[in-house]
Amino acid sequence: MSRITNLSTVLPEVAADFERVIRASARPRLALLDQDHDPEVLEQIPDAAEWIDGDTGSQVLLLIGGNVTSMIAQWSNTGELAVECASALQTYVMDERNAPWPVLSGGAGVAEPNLREGTAQWTWNGGAVPFGHLSSVLP
Amino acid sequence: MIVINRPITTARTTPVRSRLAVLALAAMVAAGLSGCSQTAIAPQGHCSPSYEVGGAEGKLKVQQKGHGQAITWGIYVASKYKTGTVWAVKVRANGTNIDAKNQTYEPHGSVNAARAKKYSGKVLEISGTAVHNKDDILTFSGKCTIA
């Protein structure tokens, strides 16, 4: 059964890192679509069938405000899904601000989401912090 | 190629003065003025190394460095459309939706390498509308084959 869930429920660490930079009205959500669409899902994604991957018969979507982006990662692959979501959210934030984000303390540059040794992290030249701890390296 | 039709009356009982600008991104545009209907067929090209359609009103640009590489795209419009415009864009790969944007600034986006590999040889389609100052409508679409 298709469903839509707040990002903070599925990937709380990712949601925490973006909490201060995404306005509340844009509330990030994750949708898991399959062939069985309930009315609540169709209300928010009227063209749900057009998003389904023909190979898998399902699809994970990230909803941010009025934007929808499909994910390559599967729902069950939490690490890859977290990195892909963080990357899409980072792009959204940079678009909204028209500026790079997150800019690190001490001129260390801009962090990027990556999966390293199975752990979803913010990485930059010479450093890394796990998801959920981004605020510790921001000015 | 750009087609601008104005004014167009779209309702019999309540005339609506509207300017309809078709942001060409199209090799052929057959603008059926009755009922404001129109058909725009975008020329299909190759995403790699780059694909570009449009004219003076604006351009759609797509870039892909090579096979299996990430794709970037963007819509760049004349200065008059940079503010007061509401954009609705849909991106499809092989007919499946992969991205949709509803926003008030020039849209751009990317298709990551994993997805570009998955859809290599398939068609990437970017289409949508831009409504400027409520009655100035641009429609656009472009298609290119993913390397």
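Residues numbered from 1 in each chain as written. Chains lettered and ligands numbered in written order. Predicted model: local features only at pLDDT ≥ 70, side-chain atom pairs only at ≥ 80, totals over all residues.

Examining helix α4 (residues 78–97) of chain A
Because the α-helix completes a turn every 3.6 residues, residues three or four places apart line up on one side.
Residue and element names in this part refer to chain A.
Phase 1: Its 20 residues give α4 an end-to-end C-alpha distance of 28 Å, which sits within 8% of 28 Å, the value for a rise of 1.5 Å per residue.
Phase 2: Against the buried residues of α4 lie α1 (7–10), α2 (12–18), β3 (59–64), β4 (67–71), β5 (112–116) and β6 (119–124).
Phase 3: Following α4 by one or two positions, N98 adopts a phi angle in the positive range, close to 55°. (Helix = DSSP H or I, 4+ residues; strand = E, 2+ residues; numbered from the N terminus. Expected span 1.5 Å × (residues − 1). Contact = placed C-beta atoms within 7 Å.)

Observations concerning the sheet that holds β6 of chain A
Within a sheet, each strand pairs with its neighbour through backbone hydrogen bonds, oriented either parallel or antiparallel.
All names here are of chain A.
Phase 1: Spatial strand order, β5-β6-β7: three strands in an open sheet with antiparallel pairing. Among the strands making up the open sheet, the edge pair consists of β5 and β7 (127–130). The mean inter-strand angle of the sheet, taken between neighbouring strand axes irrespective of direction, is 40°.
Phase 2: The pairing of β6 with β7 spans four bridges and is classified as antiparallel. Pairing of W124 across the sheet is with G127, part of β7.
Phase 3: Along the sheet, α4 makes contact with β5 and β6, crossing β5 at roughly 170°. (Pairing = 2+ DSSP bridges. Axes fitted to C-alpha atoms, helices over the stretch in contact; angles between N-to-C directions.)

Some remarks on the nonpolar core
Nonpolar side chains in soluble globular proteins tend to end up buried together.
Phase 1: In terms of nonpolar packing, the biggest core is built from 56 residues, with V14, L61, A82 and C85 of chain A together with I71 and L124 of chain B touching the most fellow members.
Phase 2: In terms of residue count, α4 of chain A provides more of this core than any other element does, eight residues in total.
Phase 3: Setting aside its immediate chain neighbours within four residues, L61 of chain A contacts A31, L33, W51, V68, T69, S70 and M71 of chain A. (Core = buried A, V, L, I, M, F, W, Y, C linked by C-beta atoms within 7 Å. Buried ≥ 20, exposed ≤ 12 C-beta atoms within 10 Å, placed from the backbone.)

A word on the confidence of the model for chain B
Residues and elements named next belong to chain B.
Phase 1: Residue-level pLDDT values for chain B average 77, and 71% of them are 70 or greater.
Phase 2: Predicted confidence in chain B is weakest over strand β1 (residues 3–9), with a mean pLDDT of 29, and strongest over strand β9 (residues 85–93), with 96.
Phase 3: Note that pLDDT drops below 50 for residues 1–39; the model gives that stretch 80 contacts with residues more than four away or on any other chain.
Phase 4: For this predicted complex, the interface score ipTM comes out at 0.89, alongside a pTM of 0.83. (pLDDT = per-residue confidence, 0-100.)

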